[in-house]
Amino acid sequence: MSQTSALRPGDVLGGRYVIAATLGEGASSVVYRARDRFEDREVAVKVSAAGADLSAELVAALDAGHPVLVRALGVGTTPSGHAYLVLELATGSTPERALAGRDTAETVAVLLDRVLDGLGCLHARGVVHGDVKPANLRVDLAGGRISVRLLDLGLARPGHASAGGTLAYAAPECLGAGARDARSDLFSLGVVGYELLAGALPFGDPGDPSYLARALAGEAAPLPDAVPPGLAAVVRRLIQADPAARYATAWEARAALRDAVRSIPDASEADVEPRFVGRDAALETLRGLMAQARAGRGALARLDGPPGSGRSRLLARATFDAALAGLATLELRASLGAPEFLRALLAQGASLPGGEACAAALARLGGASSDPRGAWLDAAEALRALASRSPLWVAVHAADAADRDVSAMLDFIARGEAPIVWVGAWPSGGALAAASSAVPLRALTGPEVASMIASMLPGLPAVDELVHAAHDRTAGLPGAVRDGVVELRRAGVVRLLGGRWRVAGPLPPWAFDPTDEARDDRALGAMPPEARATLGVLRLAGSVDGPDGLAALAAVPLAAARGAIEHGLAAGVVRRDGSRLRVASPALGDVLA
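Calculation criteria
Along each chain, numbering runs from 1 in the same order as the chain's sequence is written. pLDDT decides what is reported in this predicted model: residues at 70 or higher carry local features, side-chain atom pairs at 80 or more are listed and counted, and totals for whole chains, interfaces and linings draw on all residues regardless. Only heavy atoms go into the side-chain values, all of them from the structure, while hydrogens and water stay out. Secondary structure elements are defined from DSSP: runs of H or I of at least 4 residues count as helices, runs of E of at least 2 residues count as strands, and each element is numbered from the N terminus. The rule is simple: take the accessible area with a 1.4 Å probe, protein chains only, and divide by the maximum for that residue type; under 20% is buried, over 50% is exposed, in between is partly exposed. Contact criterion: two residues are considered in contact whenever any of their non-hydrogen atoms come within 4.5 Å of each other. Reported accessibility uses the Shrake-Rupley method at a 1.4 Å probe radius. Residues are deemed covered only where the shown protein chains occlude them. When DSSP locates at least two bridges between a pair of strands, those strands are taken to pair. Salt bridges are counted wherever a side-chain nitrogen of Lys or Arg sits within 4 Å of a carboxyl oxygen of Asp or Glu. Orientation is described by axes fitted as lines to C-alpha atoms, over the contacting stretch for helices, and by angles from 0 to 180 degrees between their N-to-C directions. We define a nonpolar core as any set of buried Ala, Val, Leu, Ile, Met, Phe, Trp, Tyr and Cys residues linked to one another through side-chain atoms lying within 4.5 Å. Comment on the angle field: the value is read as roughly parallel under 35 degrees, roughly antiparallel over 145, roughly perpendicular from 65 to 115, and oblique elsewhere. Each crossing is labelled by how the near helix is turned from the far one, with a counterclockwise turn of less than a right angle marking it left-handed and a clockwise turn marking it right-handed. Throughout this entry, Asp, Glu, Lys and Arg are counted as charged residues, while Ala, Val, Leu, Ile, Met, Phe, Trp, Tyr, Cys and Pro are counted as nonpolar. The remaining residues, Gly among them, count as polar. Ring geometry is summarised as follows: Phe, Tyr and Trp rings, the Trp one being its six-membered ring, pair when their centres sit within 6.5 Å, and such pairs are stacked at plane angles under 30 degrees, edge-to-face over 60 and tilted between the two. Sitting over a ring, as applied to charges here, requires NZ of Lys or CZ of Arg to be within 6 Å of the ring centre and within 35 degrees of the ring normal.

Student: What am I meant to see in the overall build of the protein chain here?
Tutor: Secondary structure summary: the protein chain contains 22 helices and 19 strands in total. When each of the 593 residues of the protein chain is scored for burial, the buried share is 48%. For the protein chain, the share of sequence-separated contacts (at least 6 apart) that also reach a separation of at least 24 residues comes to 66%. Carbon and sulfur atoms make up 52% of the accessible area of the protein chain, which totals about 25,400 Å².

Student: When you look at the sheet that holds strand β2 (residues 17-25) in this model, what are you seeing that I'm missing?
Tutor: Whenever strands of a sheet pair, they do so through backbone hydrogen bonds, lying parallel or antiparallel. One open sheet accounts for six strands, arranged β1-β2-β3-β4-β6-β5; its pairing is antiparallel. Each edge of the open sheet is held by one strand with a lone partner, namely β1 (12-13) and β5 (72-77). Here seven bridges tie β2 to strand β3 (residues 29-36), and the two strands are oriented antiparallel to one another. Paired with I19 across the two strands is A34, which belongs to β3.

Student: Where do I start with the pattern of salt bridges in this structure?
Tutor: Where side chains of opposite charge bring their charged atoms close, a pairing between them can arise. One pass over the structure, following the stated rule, counts 23 salt bridges. The salt bridge partner of R333 is E39, with a shortest N-O separation of 2.6 Å. Pair noted here: R333 is in strand β12 (residues 328-333) and E39 is in the loop between β3 and β4 (41-48), with a separation of 294 residues, a long-range link. R333 sits in the partly exposed class, given a relative accessible area of 28%. Looking at E39, the relative accessible area reads 33%, which means it is partly exposed. A cluster of three or more residues bridged by salt bridges with shared partners is formed by D113, R114, D117, R254 and R258.

Student: Whenever I open this one, unusual backbone geometry confuses me. Can you help?
Tutor: With glycine set apart, most residues show a phi of negative sign, and most peptide bonds adopt trans. Despite not being glycine, D40 has its phi angle at roughly 55 degrees, a positive value. Following the sequence through the fold, D40 ends up in the loop between β3 and β4. What makes D40 exposed here is its relative accessible area of 58%. A positive phi angle, close to 50 degrees, is found at A398, a residue other than glycine. As for its placement among the helices and strands, A398 is situated in the loop between β13 (392-397) and α13 (404-413). For A398, a relative accessible area of 31% puts it in the partly exposed group.

Student: Would you take a moment to explain the sheet that holds strand β15 (residues 437-440) for this structure?
Tutor: Sheet architecture is open: five strands sit in the order β12-β13-β14-β11-β15, paired in parallel fashion. On the outer flanks of this sheet lie β12 and β15, each paired with one strand and no other. With direction set aside, neighbouring strand axes in the sheet form an average angle of 20 degrees. Relative to β15, strand β11 (residues 299-304) is paired through four bridges, and the arrangement is parallel. Residue A301 lies in a different strand from β15, and its bridge partner there is S437. Sitting on the sheet, helix α8 (residues 280-294) is in contact with β11, β13, β14 (420-424) and β15, with an inclination near 170 degrees to β11. Here helix α10 (residues 338-350) sits on the sheet and contacts β12, β13 and β14; the angle it forms with β12, its principal contact strand, is near 160 degrees.

Student: Teacher, can you tell me more about the nonpolar core here?
Tutor: General note: in soluble globular proteins, nonpolar side chains tend to be found buried as a group. Ranked by internal contacts, the top residues of the largest apolar core, which has 52 residues, are L111, L112, V115, L197, L231 and L257. When residues of this core are traced back to their parent elements, those giving at least two are α2 (95-99), α3 (104-124), β8 (137-140), β9 (147-150), α4 (182-198), α5 (211-217), α6 (229-238) and α7 (250-260). Broken down by element, this core gets its largest block of residues, ten residues, from α3. Other than its neighbours up to four places away in sequence, V115 contacts V68, L137, V148, L150 and L189. F341, L342, L352 and A399 belong to the second largest nonpolar core, which has 37 residues in total.

Student: Even after reading the chapter, I still don't get the environment of A90, so can you show me in this structure?
Tutor: Relative to the assigned elements, A90 resides in the loop between β6 (83-88) and α2. In the structure, A90 is positioned 46 residues away from A44 in sequence and 8.1 Å away in space, judged by C-alpha atoms. Aside from chain neighbours lying at most four places away, what touches A90 is V70, R138, R149 and L151.

Student: Just checking my understanding: could you explain the packing of helix α12 (residues 373-387) against α13 for this structure?
Tutor: Geometry of a packed helix pair, given as the angle between the helix axes and the separation of the axes. The geometry of α12 relative to α13 is characterised by a closest axis approach of 9 Å and an angle of 45 degrees between their N-to-C directions. Relative to α13, α12 is oriented oblique. Every pair of crossing elements has a handedness; the one defined by α12 and α13 is right-handed. In this structure, α12 contributes R373, W376, L377, A379, A380 and L383 to the contact, and α13 contributes D405, A408, M409, F412 and I413. Looking at the contact of α12 with α13, its residues break down into nine nonpolar, no polar and two charged.

Student: Just to check I follow, could you spell out the packing of aromatic side chains for this structure?
Tutor: Where two aromatic rings form a pair, the distance of their centres and the angle of their planes describe that pair. Taken as a whole and judged by the stated rule, the model has three aromatic pairs. Both rings, one in F187 and one in F203, keep their centres 6.1 Å apart while their planes meet at 5 degrees; by these two values the pair is stacked. Residue F187 is found in helix α4, and its partner F203 is found in the loop between α4 and α5; the two are separated by 16 residues along the sequence. Note that R237 overlies the ring of Y247, its terminal NZ or CZ placed 4.1 Å from the centroid.

Student: Before we go on, may I ask you to explain the pairing of β4 in this structure?
Tutor: Along any regular strand, the residues point their side chains to alternate faces of the sheet. Of all eight residues in β4, six are buried; the element is thus mostly enclosed. As paired elements, β3 and β4 share eight bridges and run antiparallel to each other. Looking across to β4, one finds that R35 is bridged to E42. From the end of β3 to the start of β4, which pair antiparallel, there are four residues, and D40 there has a positive phi angle of about 55 degrees. Here β4 pairs with β6 via five bridges, running antiparallel. Along β6, the bridge assignment pairs V43 with E88.

In structure tokens, the structure reads:
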């Protein structure tokens, strides 16, 4: 794609995404493998051609909360002015390669099952993928399990949108001027399954003059006799020419597939991210500040809500919106020390178009100084120079964890009339909070809690009891609702049975109880007895510097001590306190002692 300025290994976007290699190139974009220095993970960076629009893919990928779907992680602009989208990096191979040396019918059945589950989640959120085909699927066989990712939401649109996609996999209603809906995705997936089972497309070569007539008439060649009849029947129904003759939903198709192929294993228990609900008013407030920045005036905004109210997710969503609104975006963690925070701030600014002043200020940063305000003033002037080219949006994550030096630095830098919007959950009572406009995060309503739970447990019938318990016990905090659903899944109270979510028995009294004591009690009960006993010694000792101290005190093998601490840390009943470890809550300590 000649319309983009090619990136080279080592190039850095947004001060955090380090380009490693080119993954692929299309007509409107180039996709790179990169490392996110902010989160220490590999990602995919999709850079658009001049004039190409990534906003539709971004909007669809933002709500892609299912393990099969690739989520958006970031967005920005390259130094040459091209928009880029940061996505989860999907590992694995194409379906054709994954089939090599495996039972074809069994593997295809699992692939269809996984993709139908992901499509069901996407369709439930009102989005049609629009380009389901083998090139947009990745199959990973690591660990002996089959995991599938569905890529490229570039053609994803709200339901009943206009036609598009790839001819060989497009539903008949998409071949003319007709509208597509969720059943069009089912047709495309059926063609994928047919091709993998038969080694050929169901309606022949798309380049053949008679192809269109065969596709519109639904004249597919029979599948090979070796394909199990039940699986063949599901695939045939998926590729019916008349949308009304197909399955009505992806979940209906998945249920039929599992009834026909009983050997399909349940997917691994990856957690589904809930829908983003109940924050429209807060987003509108923040969008107003974006408009204010475009008009030349900056702002300080404080996300006003308790832990679990969704401050981090709101900040991430608003940062996407800011980028779409034309603001240059910077993201930082306040948990960094002041020197590291300042360096990261200037490094990200230097990577943006017009970031020369930030690069110069970064180069002038020296060693420790008794009075750092000179460097702060230099950074403030550099940011003002950057904002004179494009208004800035600075998202400060974990702002309530800022130490005194970081708070003082931010209070110094984040003032003035430059078109810069600084957003974070500033600690209440501080100077930043006092100077900020509050953006309140209200409690979720019952219907909003129901929407969250339905998006995490798609297809689950009779959610009323779950919703009432979640709403009443969590005070409408979305983080507590999400954590409660995850705990119920991990405890087996809510489980997949035959591909459908079911509540296996009455809700336990601890369901959706967000207190430390209740959570620790549940985690402790799930720990191995030997780990629990060793942690009892930790409680009697008060706290220790690490496993060596615990092993010496308890006269237990070092490996056992380390294992106990790892169990405790993973379960959340042991927590780090600087360089030391402690039992999480007094009530748990009493039980252990």
